[in-house]
Amino acid sequence: MSVLELLIVAIGLSMDAFAVAVCKGLSVSSAGRSKHSVHLGQAAVIGGWFGLFQGLMPLAGFLLGTRFERQIAVFDHWIAFILLGLIGAQMLREGLSCETENTDSSISPASMLPLAVATSIDALAVGVTFAFLQVNILPAVTLIGVITFLLSMAGVKAGSIFGIRYKSRAEIAGGGILILMGVKILIEHLFL
């Protein structure tokens, strides 16, 4: 997998965290005195939670995937295609739904831990895929973590300024990216 492909996957995976960060930015600014009351430190804490878990989950998935690599090598491309397709479809569904998420304004560990885990579950499955594709995992998880951190910080600021207007667009874009990456992997293994 090339650096560009890893970058695209990192951006796709970070869209869930970005969308929740937008909501978090909206709730934190609403709890403050003014419309733009989110501070850089708050955005960094929120981005740190999301970036850390988006980096750790693919590593955990990779370690699981390497245990089963020999047994699954014959059809690993189908697994990658199905996992990325399902994750992408779920993100598209969430982006197209009219449901709104309730996000409280706290950035305490009790508030952030469930959000960080929930937004990074899909990264666990991608980590399994990375094992089958023999991706160099340390640079990959570092890139995913850093991209998620930066985009989550931007999402917090965007949420404090624009509200939830862009949340669904981010989820739709992320879902589409992951589906396209799954299709690309399948095509490469079947036809190239």
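Whatever comes next refers back to the structure up there.
Read on for a plain summary of the structure.

About the criteria used
- Residues numbered from 1 in each chain as written.
- Predicted model: local features only at pLDDT ≥ 70, side-chain atom pairs only at ≥ 80, totals over all residues.
- Heavy atoms only, no water.
- Salt bridge = Lys/Arg side-chain N within 4 Å of Asp/Glu carboxyl O.
- Helix = DSSP H or I, 4+ residues; strand = E, 2+ residues; numbered from the N terminus.
- Buried < 20%, exposed > 50% of the residue type's maximum accessible area, 1.4 Å probe, protein only.
- Phe/Tyr/Trp six-rings, centres within 6.5 Å; stacked < 30°, edge-to-face > 60°.

## Some details on the pattern of salt bridges
Logical step 1: Tallied over the full model, the rule gives one salt bridge.
Logical step 2: Measuring nitrogen to oxygen at the nearest pair gives 2.2 Å for the salt bridge that ties Lys 184 to Glu 5. Taken as a pair, Lys 184 in helix H7 (residues 167–191) and Glu 5 in helix H1 (residues 3–31) lie far apart in primary sequence, 179 residues in all.
Logical step 3: Lys 184 sits in the partly exposed class, given a relative accessible area of 25%.
Logical step 4: The exposure class of Glu 5 is buried, given its relative accessible area of 14%.

## Some words on the packing of aromatic side chains
Logical step 1: Scanning the model with the defined rule gives two aromatic pairs in all.
Logical step 2: Both rings, one in Trp 49 and one in Phe 53, keep their centres 6.1 Å apart while their planes meet at 10°; by these two values the pair is stacked. Here Trp 49 pairs with Phe 53, and both are found in helix H2 (residues 40–67), just four residues apart, close to one helical turn.
Logical step 3: Relative to Phe 81, the ring of Trp 78 has its centre 6.1 Å away and its plane inclined at 85°; by these criteria the two rings are edge-to-face. With Trp 78 and Phe 81 both in helix H4 (residues 76–96), this residue pair falls three residues apart, about one helical turn.
Logical step 4: On the basis of relative accessible area, Trp 78 is assigned to the partly exposed category, the value being 38%.
Logical step 5: The exposure class assigned to Phe 81 is partly exposed, which follows from its relative accessible area of 27%.

Function cannot be inferred from these measures alone, as they are strictly geometric.
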